[in-house]
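Understanding the architecture of this molecule
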Amino acid sequence: AFNFCAGPATLPEAVLKQAQEEMLDWRGTGMSVMEMSHRSDEFVEIAETAEKDLRELAGVSDDYAVLFMQGGASSQFSTIPLNLLGDKTSADYVNTGIWSKKAIAEAKRYADVNVVASAEDNGFTSIPEQSSWRTNPDAAYLHYTPNETIGGLEYDFVPESGDVPLVADLSSTILSRPLDVSKFGLIYAGAQKNIGPSGLVVVFVRKDLLGKARKETPTMMNYQVIADNDSMYNTPATYSWYLAGLVFKWLKAQGGVEAMAEINSRKATKLYDFIDGNDFYANPIDPRFRSWMNVPFTLADDGLNGEFLKGADARGLLNLKGHRSVGGMRASIYNAMPEAGVDALIQYMTEFARERG
Ligand code: PLP
């Protein structure tokens, strides 16, 4: 089967097999990783190796702390303002869809949120040119969502933010292509798309931004505390951390993010070209800003959606139903989706359009 779920998403088969083999007895210790103390030499090695591999893959320098936190990406929506506002009161946000809106709504509990640009006017199908953004040079940070998982809208540029720290929710695009991390103050990503199991959230934060948390910040949300304790202030999500480490090893074996970018670009281009070339299917996004990871599409006749999904399921093409807020279909084609999965989907879509179109 090929699983096109937006998250939790498909994981590399080799990773799941290795986890299965090691499940009951990790390297002759007689224990599952799930049963190990997070303070044990064995687990500390697993944790440190995962961080080292992630730093290498994503190109994260020692100027940044790499944190393995909990509560998913959504918990960062409040953790970020609590930690980064410092003595400032306002923060800049770009609104490009549902995930930006959630980040904005949460930040409003702590900050004066200045929405510098919004794609709402174009129905979230295009990213407003940066020259039109009304940024505030005195903002505590500028937050944006490089890939809107639900809308399938992805930036093809990194915004310029001058001296204002740039903050990005990379949940659904992290490690899918090279990125210059040095342009960012903070990057966060829920793990359940390109990294591993849900619940885990990875944060890269520039070290000079640490130590400014508001005094009412819960300890578990204080980046300085988490960094000082190597993400082990409390019991971390050990098994998720271990699985993330296996995914990082797998990514390195594929050739890292450069190799993934090549494959991901090919997969996405193929699928969009097919959709554009077939009257029966449509994708509304400005071609310049189409997501490499999440490809929403509609059928010419909505009434056929149920039949389309049923036929897809029967072929092992799973979870193609679009998000409830936008309807239609969505194929999420993260790093772990093999090109053969995209080929199988196109084959099915071709046959379905021929028979029912
Ligand atoms: N941000 C983006 C871009 C997402 O796609 C998601 C989840 O799918 C989230 C945030 C929320 O992540 P979580 O469910 O881990 O809180």
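What you see is a predicted model; the values in this text were computed from it and never measured.

Our focus in this paragraph is the site of the ligand. Close to the ligand lie Gly7, Gly72, Ala73, Ser74, Trp99, Thr145, Thr149, Asp169, Ser171, Ser172, Gly190 and Ser198. Grouping the amino acids of the shell around the ligand by side-chain chemistry returns two nonpolar, nine polar and one charged.

With antiparallel pairing, the three strands of this open sheet are ordered in space as E11-E12-E14. Two strands lie at the open edges of the sheet, namely strand E11 (281–282) and strand E14 (329–332), each paired on one side alone. Bridge count for strand E12 (residues 294–299) against E14 is four bridges, and the pairing is antiparallel. Paired with Val295 across the two strands is Ala331, which belongs to E14.

A few words on the sheet that holds strand E4 (residues 112–118). Across the sheet, which stays open at both edges, the seven strands sit in the order E2-E10-E9-E8-E5-E3-E4 with mixed pairing between neighbours. For this open sheet the edge positions go to strand E2 (64–70) and E4, each flanked by a neighbour on one side alone. Direction aside, the axes of adjacent strands within the sheet are offset by 20° on average. Pairing of E2 with strand E10 (residues 200–206) involves seven bridges; the strand directions are antiparallel. The residue of E10 that forms the bridge with Gln70 is Leu200.

End to end, helix H6 (residues 238–254) covers 25 Å across 17 residues, agreeing with the expected 24 Å (1.5 Å per residue, within 8%). Thr238, Ser240, Trp241, Tyr242, Leu243, Ala244, Gly245, Leu246, Val247, Phe248 and Leu251 are the residues of H6 that are buried. Packed against the buried residues of H6 are helix H1 (13–22), helix H2 (41–58), E2, E10 and helix H7 (256–276). Trailing H6 by a residue or two, Gly255 shows a phi angle of about 110°, which is positive.

Here we come to the environment of Ile275. Mapped onto the fold, Ile275 is located in helix H7. It is 19 Å that separates the C-alpha atoms of Ile275 and Gly303, two residues lying 28 residues apart in sequence. Excluding residues within four positions of it along the chain, Ile275 makes contact with Tyr281, Ala282, Asn283 and Phe297.

This part takes up unusual backbone geometry. Here Gly7 and Pro8 are connected by a cis peptide whose omega angle stands at -5°. With respect to the secondary-structure elements, Pro8 resides in the loop between strand E1 (2–3) and H1. The phi angle at Asp230 is positive, at roughly 50°, despite the residue not being glycine. Among the structural elements, Asp230 can be located in the loop between helix H5 (223–228) and H6.

The next point concerns the UniProt feature "binding site: pyridoxal 5'-phosphate" (unreviewed entry) in the chain. As recorded in UniProt, the sites labelled "binding site: pyridoxal 5'-phosphate" (unreviewed entry) are Ala73, Ser74, Trp99, Thr149, Asp169, Gln192, Asn234 and Thr235. Taken together, the annotated residues stretch across 163 residues and extend over separate regions, lying up to 30.5 Å apart by C-alpha. Since 28 C-beta atoms lie within 10 Å of it, Ala73 is described here as buried. Beyond its immediate chain neighbours, meaning those up to four positions away, Ala73 contacts Asp169, Ser171, Tyr188, Ala189, Gly190 and Val201. Within the fold, Ser74 resides in helix H3 (residues 72–84). The partly exposed category is assigned to Ser74, around which 16 C-beta atoms lie within 10 Å.

Quick look at the domain arrangement of the chain now. Interface size is commonly expressed as the accessible surface area that is lost when the partners come together. The domain architecture assigned to the chain consists of domain 1 (2–6 + 255–356) and domain 2 (19–254). For domain 1 and domain 2, the distance between their C-alpha centres works out to 27 Å. Contacts between domain 1 and domain 2 engage 27 residues on the former and 25 residues on the latter. Put simply, the parts of the chain that give the side of domain 1 that touches domain 2 at least two residues each are H7 and E12. For the side of domain 1 that touches domain 2, the element with the highest residue contribution is H7, accounting for seven residues. When its residues are assigned to classes, the side of domain 1 that touches domain 2 shows 14 nonpolar, eight polar and five charged.

We now examine the pairing of strand E9 (residues 186–190). Among the five residues of E9, five are classified as buried, and the element is accordingly described as predominantly covered. Both strand E8 (residues 166–169) and E9 contribute to a ladder of three bridges, which runs parallel. Bridge assignment links Val167 to a residue of E9, and that residue is Leu186. Sheet topology note: the E9/E10 ladder contains five bridges and is antiparallel. When the sheet's bridge partners are listed, Ala189 is paired in E10 with Val202.

The rules we used
- Residues numbered from 1 in each chain as written.
- Predicted model: local features only at pLDDT ≥ 70, side-chain atom pairs only at ≥ 80, totals over all residues.
- Near = placed C-beta within 6 Å.
- Nonpolar A, V, L, I, M, F, W, Y, C, P; charged D, E, K, R; others polar.
- Pairing = 2+ DSSP bridges.
- Helix = DSSP H or I, 4+ residues; strand = E, 2+ residues; numbered from the N terminus.
- Axes fitted to C-alpha atoms, helices over the stretch in contact; angles between N-to-C directions.
- Expected span 1.5 Å × (residues − 1).
- Buried ≥ 20, exposed ≤ 12 C-beta atoms within 10 Å, placed from the backbone.
- Contact = placed C-beta atoms within 7 Å.
- UniProt positions renumbered as here; feature names shortened; annotations may be inferred.
- Domains from an automatic or database assignment.

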